[in-house]
Each structure stands twice: as C-alpha cells, then as structure tokens.
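Given next are the chains, with one letter for each unit.
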Amino acid sequence: MGSASATKILIKGGTVVNAHHKMVADVYIEDGIIVYVGPDIKANDDVKVIDASGKYVMPGGIDPHTHLDMGFMGTQTIDDFFSGQAAALAGGTTMHIDFVIPVDGSLSAGFESYLKKAEKSVMDYGFHMAITKWDEDVSKDMEIMVKEKGINSFKFFLAYKGALMVSDELLLQGLKKCKSLGALAMVHAENGDAVAEGQKRMIDLGITGPEGHALSRPPVLEGEATARAIRLASFVNTPLYVVHVMSIDAMEEIAKARNSGKRVIGEPVVSGLVLNDSWLWDPDFTTAAKYVMSPPIRTAGHDKALQAALSAGILQLVGTDHCTFNSTQKARGSDDFQKIPNGVNGIEERMHLVWETMVESGQISVTDYVRITSAECARIFNIYPRKGAILAGSDADIIILNPNSSFTITADSHHSRSDTNVYEGRNGKGRVEVTISRGKVVWENGKLMVEPGYGRYVKMPPFSYLFEGLDRADAAYLSSLRAPVQRLVSST
Ligand code: URP
Ligand code: ZN
Ligand code: ZN
Ligand code: ZN
C-alpha cells in the first residue's frame, strides 16, 4: 500500500518524542503537514503506512551551522546544496541554516548569490549572514535582510585576520544594529591578532605540519574572544550566540555569563564533542589535515567537558560547521599548515553521533536529544513549532530512529562528495531508518529519494524569545542613570 510519493502518510505505533514530552502515538501526515498525533488512527487505502513500533518518531534534525558551496581560503567547499543536503537527509537532518558570505562586502549581492546556489536544494534551509565590513550600505542592507529577506542572525568573525575578521569597533556597531532589528548576533570567537602571532611563532620554530594549526591557536585565544564578545554584547544589552564552542575556556565564559543572567547561547559542534586533537600529529599528512578546522579540535578532556556542559544545559544545541574539502584541496597546505583549508564534515553524522555519545551513553534523555538537535534551534531562530516539533500543524519533517539497529561511518558509504571522513570507522547503536521531508519519504531502506528544487527557503522572523523583555531592562537601566540627577535637582 502507498508509495514513496504518497502525500498521505500514517506512522503507526512509535514513541513520538518532542522536546518536553514523549508518548506512544500514531502520526498522520497530509500534504507535507502533520495533521494529527494520537492513539489508534485508522487509515484509508490511499495512505502509506509505516510501522514504527519499538522505534522513536522524532522531529528531523536542524543543523544550525553549515557551509555549503562556500568559497574559502582560495578554494570552494566540495559539498554544495545538493550533495550536502542529500547527506543531511541520509543522516536524519531535514533542515540546516547556512552562512551567506557577502560579495565584496555587499549583503544583497551575497544573498542573491546564495539563493542561486540553493536552487538545487533537496530540503528546507535558512540563512544566517556574515558581516565582514561596516558602512552605511551594510547597515541599511542589514535592515533589508531582516525586514524583507527572512534573515534574523548575523555572524561576526573575530578570527581570520586579513580575510573575514572584524574589529571590536565594527563588532560594537554590529551588535547595536542587531539589537535594533531584533536579529541575533553570532560570533566566531578566537582572537585573530593573537592567532596571527601564534602562526608566526610556529613557523619560526619550523613547525609547518597540521599540528602547527592547533598549537598556533590555543584555547586561551578562544576564551579571550568569547569573554570579550560576551562583555560587549552585555554592554549593548543584546543576546549573543557563540558558534562552535570548542574549549573548556570558552564554555566556562558562557557558563559564567548565563549564571549572571546574560542571554548567551553556546553551540558546540559534533567534532568538538567527540574528537580530540591526537590525529593532528598523525605522520600521514592526508590523515592529519582532514582534522584541521577553526577553532581547532582540542586535546582530550575538552570533548568530555563539552558533553557535560551540554547535558547540564550550559550549552544549548549542537551544530556541525560542515565545511568539507577533499584531500586534494587539503593538500594545498602540505608544506604550510596556514594554507590547509579549514573545515570538517558532519552534516550526515551529527544525529547518529549525538545519539551515541549523549543518549546511548546515558548522559541525556531522549526528549533532551530532540531539544538539542532540533527544537532549541527552531526556538532560537524563531521558526518553532513550524519546525522542531511533532505537533498538529507543524511541517512533516520527521525521522524514525531504531535504537536497536546500528550505524557505521565510512567515506566509502557516506553521501558527502568528500573522499575522507573525520569519523571514519566510528560505529554505534541507534540508526535513522526513515527520513521524511515535508511529508515526503526521502530516505528509507538505505536509499535516498531526492529531487533538486524540492527544498524551500525558510524565512526566519526577527525578535525571537531571546529579545523578550529587553526593552524593559533598558528602561530600568536608563532610569537608574537618571535617578541620582533628579534627586540632586529636587533637593536644591
Ligand atoms: O574551520 C572552520 N570552522 N571552517 C568554516 C568557517 C568557520 O569558521 O566557521
Ligand atoms: Zn504532550
Ligand atoms: Zn567560524
Ligand atoms: Zn562555520
């Protein structure tokens, strides 16, 4: 009964998991939307029925951090919006948010170029946007992006000196503008000036291999930039999102800020949660170079601390920073680590590795899994519960995960175009057996059924929950500044 192209689907007998609740229930889908969730739904003949008994029925993953078809460090990422998204669907991720890079500093030109790149999309996607320079045009364009184009977050790079890096002065202007627009400011937190100094130090010492990458930009530089960004955001009183938190140093700054009531979001990425830097010392360049990303994958210990912070709620959601280069591209830096294109894979592996590392290990509940892989991302970027939930009215982006089935990761079997995989040989329990994207079965029985052009651009509105009450806090602050002056006036 039914076919892959059926517009009516009934998922029977699974455990339906949302971020705050799970229950055994059926899920009925029509025309891409979840129509009903409840017990014993009966199906007509034109409905495709999927048996999910003994399995988890969960919202598809949302990856908050990817770079598809991005020009970077003199080359282009090997995965585009087709191959990257196909990989995502095979791994249970049904939406991602990619970073638009401006063209010659122009946001509108960058936006148009990314819409073009995304025409071959096979699943839904949204955009963040990087801010790489500052002038009146950029400021005006930010407004257009937020009010007309569906962008509600801007990323500031505090690293990549001479390329994407911005000054504190620019960051301050950007934070003020973000606040006025209700857009979330995001930072890549490493001190770019000190990184340049660290790189010079390694080259002077004759350390030119991939290990030099990690040695040149130690955790202290991530901690410094994280602390600085948090303090500047606090000075402006606007929320801050720290991308790819890779170290204890950065995580502790976030913990401290959150403990004092600041609105700071911390995003670890899969590589930081499950890998350590030992591979960077591998004598084989191709092996070592595939682990080069920024901030670097840290020494053993940081990974476990980030996992603990995630389970404690100090960090809120998991991304991948999927930014793939094949071994030929990585070889650009075979005699100088500074030329190795930065980035690792993960868009296909995230859901499995987070399940294995966090749920299967007993560190978090299944409901928390849904929160950190999907629902919280949808809340932060203001598209909940259209995405990130299995509720009547939500988009039918759904995965069925069999906790008793197992997965193995290899470059030979993955769907990315890269010829390497940083998770090569990893295996574990819990496998995504079915992926449904807006009501269409796109992954089943180990087969992908995708169609370029199927993916839709998801506009994300400004003023998420992170902005609620900020105006009242600002008013209280202003009256606290004026109060002593008024006393002085009235006493004379
Ligand atoms: O190494 C990385 N992370 N490459 C992607 C660009 C970025 O900094 O996110
Ligand atoms: Zn409920
Ligand atoms: Zn970054
Ligand atoms: Zn990134």
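Since this is a predicted model, take the numbers as computed values, not measurements.

What counts as what
Residues numbered from 1 in each chain as written. Chains lettered and ligands numbered in written order. Predicted model: local features only at pLDDT ≥ 70, side-chain atom pairs only at ≥ 80, totals over all residues. Heavy atoms only, no water. Axes fitted to C-alpha atoms, helices over the stretch in contact; angles between N-to-C directions. Helix = DSSP H or I, 4+ residues; strand = E, 2+ residues; numbered from the N terminus. Parallel < 35°, antiparallel > 145°, perpendicular 65-115°, else oblique. Left-handed = near helix turned anticlockwise from the far one by under 90°. Contact = heavy atoms within 4.5 Å. Nonpolar A, V, L, I, M, F, W, Y, C, P; charged D, E, K, R; others polar. UniProt positions renumbered as here; feature names shortened; annotations may be inferred. Buried < 20%, exposed > 50% of the residue type's maximum accessible area, 1.4 Å probe, protein only. Phe/Tyr/Trp six-rings, centres within 6.5 Å; stacked < 30°, edge-to-face > 60°. Donors = N, O, S within 2.8 Å, 3.2 Å for Na, K, Ca; no water. Tetrahedral: all angles 85-135°; square planar, octahedral: opposite > 155°, others 65-115°. Salt bridge = Lys/Arg side-chain N within 4 Å of Asp/Glu carboxyl O.

Peer 1: Just to check I follow, could you spell out the packing of helix H8 (residues 248-259) against helix H11 (residues 302-312) for this structure?
Peer 2: Between two packed helices, both the angle of their axes relative to each other and the distance between the axes serve to describe the pair. The geometry of H8 relative to H11 is characterised by a closest axis approach of 9 Å and an angle of 25 degrees between their N-to-C directions. One finds that H8 runs roughly parallel with respect to H11. Of the two possible hands of crossing, H8 and H11 adopt the one that is left-handed. Two secondary-structure elements touch here, H8 through Ile248, Asp249 and Met251 and H11 through His302, Ala305, Leu306 and Ala309. Here the contact of H8 with H11 is composed, by residue class, of five nonpolar, one polar and one charged.

Peer 1: Before we go on, may I ask you to explain the UniProt feature "modified residue: N6-carboxylysine" (unreviewed entry) in the chain in this structure?
Peer 2: On the UniProt side, "modified residue: N6-carboxylysine" (unreviewed entry) is annotated at positions that read Lys155 here. Mapping Lys155 onto the fold places it in strand S11 (residues 153-157). With relative accessibility at 1%, the residue Lys155 sits in the buried group. In this structure Lys155 touches His65, His67, Phe99, Met129, Ala130, Ile131, Met186, His188, Val243 and His244, once residues within four positions along its chain are discounted.

Peer 1: What is the right way to read the packing of aromatic side chains from this model?
Peer 2: When we look at a pair of aromatic rings, we describe it by the centre distance and by the angle of the planes. Scanning the entire structure with this criterion turns up 16 aromatic pairs. An angle of 85 degrees between the planes, with centres 6.2 Å apart, marks the rings of Phe111 and Phe127 as edge-to-face. In this pair, Phe111 sits in helix H2 (residues 107-117) while Phe127 sits in strand S10 (residues 124-130), placing the two residues 16 residues apart along the sequence. For the pair Phe111 and Phe127, a shared accessibility class is recorded, and that class is buried. Seen in terms of ring centroids, Trp355 and Tyr369 are 4.9 Å apart; in terms of plane orientation they differ by 90 degrees. Their pairing is edge-to-face. Placement of Trp355 in helix H13 (residues 350-360) and of Tyr369 in helix H14 (residues 366-380) is noted, with a sequence separation of 14 residues between them.

Peer 1: Even after reading the chapter, I still don't get the coordination of the zinc ion (ligand 4), so can you show me in this structure?
Peer 2: For a metal with four tetrahedral donors the ideal donor-metal-donor angle is 109.5 degrees, while six octahedral donors give ideal angles of 90 or 180 degrees. Taken together, His65 (NE2), His67 (NE2) and Asp321 (OD) make up the protein donors of the zinc ion (ligand 4), found 2.0 to 2.1 Å from the metal. In this structure, the zinc ion (ligand 4) is surrounded by four donor atoms whose angles at the metal cover 88 to 137 degrees, and the resulting shape is irregular. Read in sequence order, the donor residues for the zinc ion (ligand 4) give the motif H-x1-H-x253-D. Taken as a pair, the zinc ion (ligand 4) and the zinc ion (ligand 3) lie 3.8 Å from each other. Of this pair, His65 sits in strand S6 (residues 61-66) while Asp321 is found in the loop between H11 and helix H12 (327-330), placing the two residues 256 residues apart along the sequence. Note on His65: relative accessible area 0%, which makes it buried.

Peer 1: Would you mind going over the pattern of salt bridges with me for this structure?
Peer 2: Side chains that carry opposite charge are capable of pairing whenever their charged atoms lie near each other. Throughout the structure, instances matching the rule amount to 28 salt bridges. Here Asp80 makes a salt bridge to Lys120, at a shortest N to O gap of 3.0 Å. A residue pair is termed long-range when its members are at least 10 positions apart, and Asp80 in the loop between strand S8 (75-76) and helix H1 (83-90) and Lys120 in the loop between H2 and S10 qualify at 40 residues. For Asp80, a relative accessible area of 9% corresponds to the buried category. Judged by relative accessible area, which is 35%, Lys120 ranks as partly exposed. Ionic pairing is found between Glu451 and Lys440, a salt bridge with its closest N-O pair at 3.9 Å. Pair noted here: Glu451 is in the loop between strand S18 (447-448) and helix H15 (470-490) and Lys440 is in strand S17 (residues 440-444), with a separation of 11 residues, a long-range link. Overall, Glu451 belongs to the partly exposed group, its relative accessible area being 43%. In the salt-bridge network here, residues are joined through shared partners; they are Asp124, Arg386, Lys387, Asp395, Asp397, Arg438 and Arg456.

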